[in-house]
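As a plain string of letters, each chain reads:
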Amino acid sequence: MDAKELNEVIARAVVAQATWRSLTAGERAARLQAWQSKMIEHTDALAEVVTLEQGKPINEARGEAVYAAGFIEWFAQEARRAYGDTIPSHRSDIRLSTIKQPIGVVAAITPWNFPLAMIARKAGAALAAGCACIVKPAEQTPLSAVALQRLALEVGIPGDILPIATGDAVELGSVLTNDDRVRKISFTGSTEVGGLIYAQSAPTLKKLSLELGGNAPFIVFSDADIDRALDAAMFAKFRNAGQTCVCANRFFVQAEIYDEFSKKLARRVEQLVVGDGIREEVQIGPLIDQAAFSNVASKVNEAVAEGAQILTGGGPHACGGLFFQPTVVVDAPASSRLAREEIFGPVAALVKFSEEEEVVDMANASEFGLASYILTENIRRAVRVSEALECGMVGINTGAISTEVAPFGGIKHSGLGREGGWQGLDEYLEVKMIATGI
């Protein structure tokens, strides 16, 4: 698709949205619920598409398909709960109230790492609210988007309400940000691109949801249940080969258990099965492209040159291509890129700390603020640290924090707005105040 074609798509979406918003919340919910049922019915087929074009293991891809369907189901239910308010009036002859109305045509610009779930999280909320949603999927994973739209069409969601715009990201992104008919953009991706979208959208004063980069600290205190901490670490770090925005990126381990935790983590990592994601036993697939592979390799090599030590892995995998060994690095210097920047690969970098106040300062010494993880059996410490960390989400004694029923999003350079939960629906609604004289 080129800019001219996208302009035509926007024009059709404006017309279609007027009809879609006039449906009752229950009617929109019924279409969404039918879409969710189709997704569950075709879980295996959707998973195969994801694995073949993105590389994640088939079991993870099945999990993503079910997770994506969960967002559609959640927002189908939330469509009926876009409540307004009755406000105590300032005058006896006036009644005050509010209603919520769809913002209009929206654009969802989605990433390659969760090509089903990120579309569902945005489009489910947009359609439930009464908006048309133009989906611009990542160039690496267009087929997952087309597969979702195919199922939506089968249950009566019009193509002009959920069009897929595939093509050059810069060209199409420029159209979406500059067109005044597009009233909101929801973007998941890098902070650099998010900043560009923010700037390009300013002249048309669009509403924005930006879910950007992360640099999640994973803090293990000496009183933690080590086996539980290891379970959480494996999930938070190595899911999707470390290519997640909420991935545990900086492992801070208290000095008393640093050596024990490091060695046990390395042993677990050595047992991970790397290979073709279509094989059921595979746990780690390839990285998304050569640039991602080179980025991970250079960060590890630079850290080692600066004094870090590799406990396991550290380089290209015997599978060749874009496969990188699951890796554990200890004593990475705080100045190294491995310790400062988002890794987006199957590499765990461990740093030792002594005191609670010290590790909070270390964790907050980042421009990002998406997710954080705390492992401790001390409830007082868990409360103190979770409130002190500068981030949008905290996992305490768990590496699994993302769910459709709770808000997802960050602060600082990790973005603005929330997806999921009831807050996710509000991102696509405008509040209108009505004053009625009586």
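Everything discussed here concerns the structure shown above.
### Here we look at the overall build of the protein
Link 1 in the chain: Helices and strands together make up the secondary structure of the protein, namely 15 helices and 17 strands.
Link 2 in the chain: For 438 residues, the compact-globule estimate of 2.2 N^0.38 gives 22 Å, and the protein sits close to it at 23 Å.
Link 3 in the chain: Each of the 438 residues in the protein was classed as buried or not, and the buried ones make up 54%.
Link 4 in the chain: Considering only residue pairs separated by 6 or more positions, the protein has 73% of its internal contacts joining residues 24 or more positions apart.
Link 5 in the chain: Accessible surface, the protein: about 17500 Å² in total, of which carbon and sulfur atoms supply 53%.

### A closer look at the pattern of salt bridges
Link 1 in the chain: Evaluated as defined, the whole model comprises 25 salt bridges.
Link 2 in the chain: Put simply, K264 and E260 hold a salt bridge, and the shortest N to O gap is 3.0 Å. Here K264 and its partner E260 are both found in helix 10 (residues 258–270), 4 residues apart, which amounts to about one turn of the helix.
Link 3 in the chain: Residue classification places E260 among the partly exposed residues on the basis of a relative accessible area of 37%.

### With respect to helix 11 (residues 290–305)
Link 1 in the chain: Look at helix 11: 22 Å from first C-alpha to last across 16 residues, which is about the 22 Å you get at 1.5 Å a residue.
Link 2 in the chain: For helix 11, the full list of buried residues reads A292, F293, V296, A297, K299, V300 and A303. All buried residues of helix 11 fall inside an arc of 155° around its axis, so they share one side. When the buried face of helix 11 is taken as reference, the exposed residues oriented beyond 90 degrees from it are A291 and A305.
Link 3 in the chain: Elements that come into contact with the buried residues of helix 11 comprise strand 9 (309–312), helix 12 (337–340) and strand 11 (347–353).
Link 4 in the chain: For helix 11, the side-chain oxygen to backbone nitrogen distance between the N-cap and A291 is 3.3 Å, and the N-cap itself is D289.
Link 5 in the chain: Where helix 11 ends, the next residue or the one after it, G307, has phi of about 120°, a positive value.

Criteria and cut-off values
- Residues numbered from 1 in each chain as written.
- Predicted model: local features only at pLDDT ≥ 70, side-chain atom pairs only at ≥ 80, totals over all residues.
- Heavy atoms only, no water.
- Helix = DSSP H or I, 4+ residues; strand = E, 2+ residues; numbered from the N terminus.
- Rg over C-alpha atoms; globule rule 2.2 N^0.38 Å.
- Buried < 20%, exposed > 50% of the residue type's maximum accessible area, 1.4 Å probe, protein only.
- Contact = heavy atoms within 4.5 Å.
- Areas by Shrake-Rupley, 256 points an atom, 1.4 Å probe, with all protein chains shown as cover.
- Salt bridge = Lys/Arg side-chain N within 4 Å of Asp/Glu carboxyl O.
- Expected span 1.5 Å × (residues − 1).
- Arc of directions from axis to C-beta.
- Polar contact = N/O pair within 3.5 Å; in protein donor to acceptor, adjacent residues only side chain to side chain.

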